[in-house]
Amino acid sequence: SQQGEEDPQALSIQEGENATMNCSYKTSINNLQWYRQNSGRGLVHLILIRSNEREKHSGRLRVTLDTSKKSSSLLITASRAADTASYFCATLEGAQKLVFGQGTRLTINP
Amino acid sequence: EAGVAQSPRYKIIEKRQSVAFWCNPISGHATLYWYQQILGQGPKLLIQFQNNGVVDDSQLPKDRFSAERLKGVDSTLKIQPAKLEDSAVYLCASSMQGTVYNEQFFGPGTRLTVL
């Protein structure tokens with residue numbers, strides 16, 4: 001079963017613009033993680049936000065978490081061609097089980 | 001530090017044939033995971049090992065899929081016999097034992113095509 005649902009399923013923007021992806025989930029979580037997947041580097045962990053945090057930054061990434069709405073968003077600022085990839089949110093069930101969403105396919109146009 | 005290694009990278013087989021995938025996790029990582037990722041979807045956990053014991057195999061189709069992790073290091077995932085719907089990328093990941101926030105490190109995956 002997949003808990004997270006990303007929105008939109010696909011996003012195409014111009015280089016330099018900001019990209020926002022959203023994730024909704026169904027059950028209570030310990031933390032929520034975002035991963036990036038492209039053909040060159042496979043699936044890579046980007047950032048983790050704990051259930052008691054509301055916002056977190058890492059470089060050009062900004063993640064927010066609203067546990068009352070069971071939703072999270074990932075903002076990529078000043079996008080670059082190298083950001084072209086699929087982005088997945090994943091929630092932690094139990095001690096170590098990650099449940100991934102369907103993903104958002106992001107395309108950065110030069 | 002070497003990452004998670006997987007082989008082969010690509011495999012094409014006929015339905016009803018058998019296939020095996022190999023994974024070597026990051027050195028020192030006690031937990032190993034196998035995921036199935038169907039095109040256009042997120043990864044789905046098939047099986048999780050802690051050292052050489054199975055922690056979770058609730059989504060593993062046990063009538064045709066099997067996995068083992070002898071000696072608690074590398075692991076093999078087998079499909080026998082394969083069906084058309086098994087076409088997917090099979091990802092192996094590992095994480096450190098006792099990691100509260102469970103950052104998993106993924107291998108490049110094996111892309112399986114069943115004809």
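Right, let's walk through the structure included here.

Conventions we followed
- Residues numbered from 1 in each chain as written.
- Chains lettered and ligands numbered in written order.
- Predicted model: local features only at pLDDT ≥ 70, side-chain atom pairs only at ≥ 80, totals over all residues.
- Heavy atoms only, no water.
- Helix = DSSP H or I, 4+ residues; strand = E, 2+ residues; numbered from the N terminus.
- Rg over C-alpha atoms; globule rule 2.2 N^0.38 Å.
- Buried < 20%, exposed > 50% of the residue type's maximum accessible area, 1.4 Å probe, protein only.
- Contact = heavy atoms within 4.5 Å.
- Areas by Shrake-Rupley, 256 points an atom, 1.4 Å probe, with all protein chains shown as cover.
- Lys, Arg positive; Asp, Glu negative; His and termini not counted.
- Charge placed at Lys NZ, Arg CZ, Asp CG, Glu CD.
- Disulfide = S-S within 2.5 Å.

## Observations regarding the overall build of chain A
Thought 1: Along its length, chain A carries zero helices and 11 strands.
Thought 2: A compact globule built from 110 residues should have a C-alpha radius of gyration of about 13 Å, and chain A, at 13 Å, falls within 12% of that.
Thought 3: Each of the three principal axes of chain A carries a C-alpha extent, and together these read 40 × 25 × 20 Å.
Thought 4: Split into buried and exposed, the 110 residues of chain A put 49% on the buried side.
Thought 5: Restricting the contact set of chain A to residue pairs at least 6 apart, pairs at least 24 apart contribute 53%.
Thought 6: Summed over all atoms, the accessible surface of chain A reaches about 5200 Å², with 44% contributed by carbon and sulfur.

## Thoughts on the overall build of chain B
Thought 1: Per the secondary structure count, chain B includes zero helices and 11 strands.
Thought 2: Listing each helix as α and each strand as β along chain B from the N terminus yields β-β-β-β-β-β-β-β-β-β-β.
Thought 3: Here chain B has a C-alpha radius of gyration of 13 Å; the compact-globule value for 115 residues is 13 Å, and the two agree.
Thought 4: Referenced to the eigenvectors of the C-alpha coordinate spread, the extents of chain B come out at roughly 40 × 25 × 25 Å.
Thought 5: Out of the 115 residues belonging to chain B, those deemed buried represent 45%.
Thought 6: Across chain B, every contact between residues at least 6 apart in sequence was considered, and the portion connecting residues at least 24 apart equals 54%.
Thought 7: Within the structure as shown, chain B displays about 5700 Å² of accessible surface, and the carbon and sulfur contribution to it stands at 52%.
Thought 8: In chain B, 12 positive and 10 negative side-chain charges are present, and the distance between their average locations comes to 6 Å.

## Comments concerning the state of the cysteines
Thought 1: Summed over all chains, the structure comprises two disulfides over all chains.
Thought 2: Residue pairing for C23 of chain A: its cysteine sulfur links by disulfide to C89 of chain A, the two sulfurs lying 2.0 Å apart. Taking the torsion about the S-S bond as the criterion, the C23 of chain A to C89 of chain A disulfide, at about 65°, is right-handed. In this pair, C23 of chain A is assigned in strand β3 (residues 19-24) and C89 of chain A in strand β9 (residues 85-93), connecting sequence segments 66 residues apart.
Thought 3: Each sulfur of the disulfide joining C23 of chain B and C92 of chain B lies 1.9 Å from the other. As the torsion about the S-S bond is roughly -70°, the C23 of chain B-C92 of chain B disulfide counts as left-handed. Pair noted here: C23 of chain B is in strand β3 (residues 19-24) and C92 of chain B is in strand β9 (residues 88-95), with a separation of 69 residues, a long-range link. The burial state of C23 of chain B is the same as that of C92 of chain B; both residues are buried.

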